[in-house]
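# Understanding the architecture of this molecule
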Amino acid sequence: AEAKAPRGPFGCHRRVSRNFQAALERMRDRRIAPLDCGGPSPGCGAAARIAPVALFYTNRPDDLARAVIETSLVTHRDPRAVAAALAVARAIAQSVAGEKNLAPRGRAEVLVEQVRRDEAILLNEYGRHSLAAAAGGAAGSRTATGRPPAPLFSDSLALLPRLLEESDDALAFESIVREANRCSPERPVRDPSEGFAVAATLTALYLALGGRSFAETMEMALGLGRDAHDLGAMAGAVVAARDGIEAIPDPLIRGLFNAGQIRLRAENLLAGKIDYSTWRGVVELESEAAAAEERERRRLAAEWDKAGLLVKTKPRPRPAPEPPPFAPPPDLWLRSKEKRERERLKAAREADRREKRKQKRGA
């Protein structure tokens, strides 16, 4: 949060969401506890980044839930977002621990039960940090208004075993969209790949647990559009944990920025022993990535401009502000008057300095 990278208004982080930006601002305030820094977003950002935690705690399943919850609450306090991260982490841990030999429906049924237990920990032990009222507070309770609680994420996840058994992609995506809209999204969900935690995470797990290869999974995830980057991160992590690095096409690894450091971190996390002396700092790596991204952007812009492919649009002129239909409050008018007077005096001083410099040069 404190890092200052070139062109990076939010530390060394690039392409971040408004929810993450707000969380970073809260992290800078030392009075706010880390578990209270998260925003109210019900998105899938925490689930998309949870793979390293799942790898590190694979051999400690009892500690996995609390580690995932505490990692997620730093940016997401909505219980659906945190439970989505628990589901992805458990699916990765399943794959690494050897449960990959179960049939897709069997894996999904085990996953549902694990997430139900983990969700109870979230709501009962971390309720004061999460926005537990969105899920009805403690498991089985009612909201403060007396209404029945909204569906828990694990209730939605229970749809997955049947979808995997039927193995009908069109029906699965339609069912996921319908289920997501039942779970009080911020706005209506129209696509299974939208960033709402229920929609995106169910879609990613459906793709990842369906027995497809890494290449097939990624092609489907990215082809769905919308929040395809999050879908790819979640589904790709589960499938790669199941099939190993050999399943990832070699050209994808060769073209990966900082591939060596990513591999090193993955090996350390899986072994449960981290040697920080071999790790390069995140700020340094992200600053390099930002610079490389900017160079590539300029190169492509020049190349497309030369080929006549770059469409240049003139900036639209800003319309003149319309006068308010009523007089501004006196305090606002006075502030505006004072501001104009300061600007007039500043311009006068600047003109005086220019005149004096001109006289010196003449002398």
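Residues numbered from 1 in each chain as written. Predicted model: local features only at pLDDT ≥ 70, side-chain atom pairs only at ≥ 80, totals over all residues. Heavy atoms only, no water.

Here the focus is the nonpolar core. Residues Ile92, Leu157 and Met234 are the most contacted members of the largest nonpolar core, which totals 72 residues. Per-element tally for this core: the top contributor is helix α5 (residues 79–97), with 11 residues. In contact with Ile92, not counting residues within four places along its chain, are Ala51, Ala54, Leu55, Ala237, Val238 and Ala241. (Core = buried A, V, L, I, M, F, W, Y, C linked by side-chain atoms within 4.5 Å. Buried < 20%, exposed > 50% of the residue type's maximum accessible area, 1.4 Å probe, protein only. Helix = DSSP H or I, 4+ residues; strand = E, 2+ residues; numbered from the N terminus. Contact = heavy atoms within 4.5 Å.)

Take the environment of Asn268 next. Its place among the elements puts Asn268 in helix α14 (residues 259–271). With relative accessibility at 10%, the residue Asn268 sits in the buried group. In this structure, the C-alpha to C-alpha distance between Asn268 and Pro52, residues 216 residues apart in sequence, is 9.9 Å. Those residues in contact with Asn268 that sit more than four places away from it in its chain are Lys273, Ile274, Asp275, Thr278 and Trp279. Of note is the side chain of Asn268, whose polar atom sits 3.2 Å from the backbone nitrogen of Asp275. (Polar contact = N/O pair within 3.5 Å; in protein donor to acceptor, adjacent residues only side chain to side chain.)

This brings us to the environment of Ala235. By the secondary structure assignment, Ala235 is in helix α12 (residues 228–243). Given the relative accessible area of 0%, Ala235 is considered buried. Ala235 has contacts with Ala204, Ala208 and Thr217, leaving out every residue within four places of it along the chain.

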